[in-house]
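One-letter residues, chain by chain:
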Amino acid sequence: MSFLARVRQRLFRKDPAADRRSKARRPPSHHEKAVQREIDEVRRQRRQRFRILACIDGSDESLETVRLAARLGKPDECDIILLYVRPLEHGLASGGLQVRVARQNMLEWGIEQPGIRDLRQGLEILKAEGIAYEDWKFTIAHTDVWGDPLGDNKVEYRNETTGKSIVLKLKTAPDAASGILDQYELGPYNLMILGEPSRWRNEFSSFFFTTGVVQKVAMLAPCSVLVTRKAGQSKSGFFICTDGTARSTEAVKRAAVLAHSSGAPITIFAVAPSLKSRAAAREAVDNARAILKGMQIKVARTKIAVGEPGEQIMRHGAGHQIIVVSDEGRTRWQRIFKGSTAYEVVRGAKTSVLDVR
């Protein structure tokens, strides 16, 4: 054996103790297999539904997420989960209550603790938007969390006829962004909705400095993300952008279904980087309209513009309730050094923006 071969073998040799542990690992018991099958079945059923995760923190912007969740998730095949993430021990420190009493009252929704008040307010908003949950089946659940006596708690209202459910989730996590991203893994979800943060960092700065909750989730979430703004409340319509690519076309179809189910008018928009490419932009818009016509979804208007894409999208889409852009499939490193039109619009628009992934 050569010298280099001996060095490579030494550096990458397996850990004998790890091998012994692996061999000693016992196979799952019948009970564990049954639990895993039950979990797999729950996730399979969830994948057949459209699940919206609306994240709230008590701010006015976050309550707008609940209103949009109600309007987009009105069909029976949609579930809505309202999520409030609180830091470890926050409930006890602020309330000064005994653990047992605090947990009991939390499940009964009878005290004014951080998060509970906001979830109750969110539930009232859903009711005001026409989701009548009072006669649905009612269940509560608790999960122990290491280091926090109150743990995770949720209340679920389920319509046993249609299968539609409303979930109020009070979750414990070291920080809000980690809690939201962790909740996705328990889902999965098709759409996350968050309120606009007070401040955005650009991609390069966010790599070196701490980012806010919404910016971190918008950057890392594996599903589509809708960032809501108060300015969008007084506007109407989906402003759906396309560049003619397969990824963009798929985003057009998915956003158009959401707009159609909520009764919002649709505008299809494309940007030509130069006058020479106007024909390509027009072709992209016409193709999108034809595809939606085949899906029996009406397009109210089409429009093209010439110029820098991000700037033109924000300018022409400002008068609509929601601007829709498609994620370009770039990694975080690519966004840092090459930029991203979708992320530029999410950060800089004056109305709500849906980034379809």
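The structure we're discussing is the one just above.
Residues numbered from 1 in each chain as written. Predicted model: local features only at pLDDT ≥ 70, side-chain atom pairs only at ≥ 80, totals over all residues. Heavy atoms only, no water.

Caption draft 1: Geometry of the overall build of the chain. Helix and strand counts for the chain come out as 15 helices and 12 strands. Looking at the chain as a whole, 46% of its 357 residues are labelled buried. A separation threshold of at least 6 residues defines the contact pool for the chain, and within that pool the share at least 24 residues apart is 71%. Of the roughly 19100 Å² that the chain leaves accessible, carbon and sulfur atoms contribute 52%. (Helix = DSSP H or I, 4+ residues; strand = E, 2+ residues; numbered from the N terminus. Buried < 20%, exposed > 50% of the residue type's maximum accessible area, 1.4 Å probe, protein only. Contact = heavy atoms within 4.5 Å. Areas by Shrake-Rupley, 256 points an atom, 1.4 Å probe, with all protein chains shown as cover.)

Caption draft 2: Up close: the pattern of salt bridges. Under the counting rule described, the total for this entry stands at 13 salt bridges. Residue E196 pairs with R229 through a salt bridge whose shortest N-O separation is 3.0 Å. Of the two residues, E196 sits in the loop between strand 6 (191-195) and helix 9 (203-208) while R229 sits in the loop between strand 7 (224-228) and strand 8 (238-241), which places them 33 residues apart along the sequence. For D355, the salt bridge goes to R357, with nearest N and O atoms at 3.2 Å. R357 shares its class with D355; the two are buried. Within the structure, one salt-bridge network assembled from shared partners comprises R49, R51 and D79. (Salt bridge = Lys/Arg side-chain N within 4 Å of Asp/Glu carboxyl O.)

Caption draft 3: Main features of the packing of aromatic side chains. With the rule as written, the count across this model stands at three aromatic pairs. For the pair F138 and Y157, a centre-to-centre distance of 5.3 Å together with 55 degrees between the ring planes defines the contact as tilted. Residue F138 is located in strand 3 (residues 137-145), and its partner Y157 is located in strand 4 (residues 148-158); the two are separated by 19 residues in the primary sequence. Judged by relative accessible area, which is 44%, F138 ranks as partly exposed. With relative accessibility at 11%, the residue Y157 sits in the buried group. (Phe/Tyr/Trp six-rings, centres within 6.5 Å; stacked < 30°, edge-to-face > 60°.)

Caption draft 4: Spatial organisation of helix 8 (residues 176-186). Along helix 8, the positions that sit buried rather than exposed are A177, G179, I180, L181, Q183 and Y184. Buried residues in helix 8 make contact with strand 1 (50-55), strand 2 (78-86), strand 5 (165-172), strand 6 and helix 10 (213-220). Where helix 8 begins, one side-chain oxygen reaches toward the backbone nitrogen of A177, 3.2 Å away; that side chain belongs to D175. (Polar contact = N/O pair within 3.5 Å; in protein donor to acceptor, adjacent residues only side chain to side chain.)

Caption draft 5: Molecular detail of the packing of helix 13 (residues 309-317) against helix 15 (residues 341-348). One way to put it is that helix 13 packs onto helix 15 with a least axis distance of 9 Å and a crossing angle of 40 degrees. When the axis of helix 13 is compared with that of helix 15, the two are oblique. In the crossing of helix 13 with helix 15, the sense of the turn from one axis to the other is right-handed. Contacts between helix 13 and helix 15 involve P309, G310, E311, I313 and M314 from the former and T341, E344, V345 and G348 from the latter. For the contact of helix 13 with helix 15, the residue count by class is four nonpolar, three polar and two charged. (Axes fitted to C-alpha atoms, helices over the stretch in contact; angles between N-to-C directions. Parallel < 35°, antiparallel > 145°, perpendicular 65-115°, else oblique. Left-handed = near helix turned anticlockwise from the far one by under 90°. Nonpolar A, V, L, I, M, F, W, Y, C, P; charged D, E, K, R; others polar.)

Caption draft 6: How the structure looks around unusual backbone geometry. Despite not being glycine, Q296 has its phi angle at roughly 60 degrees, a positive value. Mapped onto the elements of the fold, Q296 is located in the loop between helix 12 (278-294) and strand 10 (301-306).

Caption draft 7: Quick look at helix 12. For helix 12, which comprises 17 residues, the first-to-last C-alpha distance of 25 Å matches the rise-based estimate of 24 Å (1.5 Å per residue) to within 8%. Residues A281, A284, V285, A288 and L292 constitute the buried set of helix 12. Viewed end-on, helix 12 has its buried residues packed into an arc of 95 degrees, placing them on one side of the element. What points out from helix 12, more than 90 degrees from its buried face, is the exposed set A279, K293 and G294. As for helix 12, its buried residues are in contact with helix 11 (246-262), strand 9 (266-272) and strand 10. Where helix 12 ends, the next residue or the one after it, Q296, has phi of about 60 degrees, a positive value. (Expected span 1.5 Å × (residues − 1). Arc of directions from axis to C-beta.)

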